[in-house]
Amino acid sequence: MLFNGIGIAIAVLASVTAWAMVVATLYFLRSRSIDRGESPAPPGVESSVRVSILKPIKGLDDRLERNLEAFLNLQSISYEVLIGIGDRRDPAWPAIDRFLAAHPEAPMRVIFTDAPPDAHPKMSNLAGLEAQARGEILLVSDGNTCPPPDALERLVASFADPQIGLVAAPFLVRSPLTLGARLRSLRIGTAIVCSICGSYTLFKTPFVVGKWMAVRQQALADMGGFAALTGVMCADGLIYPKLRALGWRGAIVPQAIDVYLGPWSWRQAWSQQLRWSRHVRFVAPIETAVEFLWNGLFLGSLAIAFGWGGATIAACALGAAGLGIWCAYTIAYVSLGGAATDVLLLPIVDLQMLAIAVWAYASNEIQWRGRRFYIGPGGQLERSESLDPTG
């Protein structure tokens, strides 16, 4: 009886929380749209606010020039785009140079921000851009993001509340081309987007990932700027807690931003997720438990184990919970524009995530953009070294 009770409790907890996150996510992204004609912000807000869009670039992202083109005609908001890059030796420089030559009217500037080797590459880049920004709102946008024309309207609407210091948006991978990209797309389009939107809808807790993230300039200054995070590897996840401790609030915009990965290999998908999991290990270890709770393959394995132990009712409940979570994720992924055939890969995504959740504790080393970093308690960078033997 005891094992049946434990198994049923796990099954119910997993099912209820997973389905709640999925339903909340679909409600959030659909019912709070501004496509029905209502104004996204109070009159005059758009004209009174200037946004500096910070694009930290290191390495050539897929379709970089097409992504930059999306920033030429953003609606209603006064903005500038600051492209941060280490130097002209970066593989992305020819594409950036070519794009700017073809669009001399673009509201864009290039800032060369050569980061120290032992610092967080993205935060060091952003610190250099922050010093040159003229806007009251600083929007961080990675090189592989492609926003719709009304993205700034939606974002600035949240800053109408003077207590809002940070606003972020969920993101979805579009047109994945390879197995690695499909695996990453499934992960983002299910567990990650549901965590971001579900947590905000149900608990008003912004789960921030820095693909498309805006910070009020005053709030950022109160925090010490991006420079305060150059020595921390898991920096994106620390920004909101720091701002909250200073009295600022955060918000999530009900609009998913498109991200393009290009021809990612399975190894790239593994490496990227392992890096993120090792980040999470230091700042939010409870999320590792959630990796197992919302994992259909893990629940199926538990069902087999409970069945062998004679807890038949628990085994049935756990098996049904695992299938139910896959069903919930399928609904979320397809509803948000993902290919229905890709959901057949959910067992592989779950297997990968189980392996990564365990392997994340095997080392404090991560590889990122040509360097190997070592992280310690609190996500602090201890040292780094180049992966290029000549560099």
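Residues numbered from 1 in each chain as written. Predicted model: local features only at pLDDT ≥ 70, side-chain atom pairs only at ≥ 80, totals over all residues. Heavy atoms only, no water.

The strand order across the open sheet built from three strands is 5-10-7, with neighbouring strands paired in mixed fashion. Bordering the open sheet on either side are strand 5 (145–146) and strand 7 (171–173), each of which pairs with just one other strand. The sheet contact formed by strand 5 and strand 10 (residues 257–259) spans two bridges and is antiparallel. Pairing of threonine 145 across the sheet is with valine 259, part of strand 10. (Pairing = 2+ DSSP bridges. Helix = DSSP H or I, 4+ residues; strand = E, 2+ residues; numbered from the N terminus.)

This part takes up unusual backbone geometry. The backbone of serine 175 shows a phi angle near 50°, a positive value even though the residue is not glycine. Here serine 175 shows up in the loop between strand 7 and helix 7 (179–203). Judged by relative accessible area, serine 175 falls into the exposed class, the value being 53%. Of note, lysine 204 is a non-glycine position whose phi angle comes to about 55°, a positive value. Position of lysine 204 among the secondary structure elements: in the loop between helix 7 and strand 8 (212–216). (Buried < 20%, exposed > 50% of the residue type's maximum accessible area, 1.4 Å probe, protein only.)

The buried count for strand 8 comes to five of five residues, which makes it a mostly enclosed element. Here strand 4 (residues 137–141) runs beside strand 8; their pairing, made up of five bridges, is antiparallel. Pairing of isoleucine 137 across the sheet is with arginine 216, part of strand 8.

Before going further, it helps to examine the side chain of lysine 122. Relative to the helices and strands, lysine 122 is located in helix 5 (residues 121–130). A relative accessible area of 11% means that lysine 122 is categorised as buried. If we ignore the near neighbours within four places in the chain, the residues touching lysine 122 are Pro56, Val140, Asp142, Gly210, Asp236 and Trp368. (Contact = heavy atoms within 4.5 Å.)

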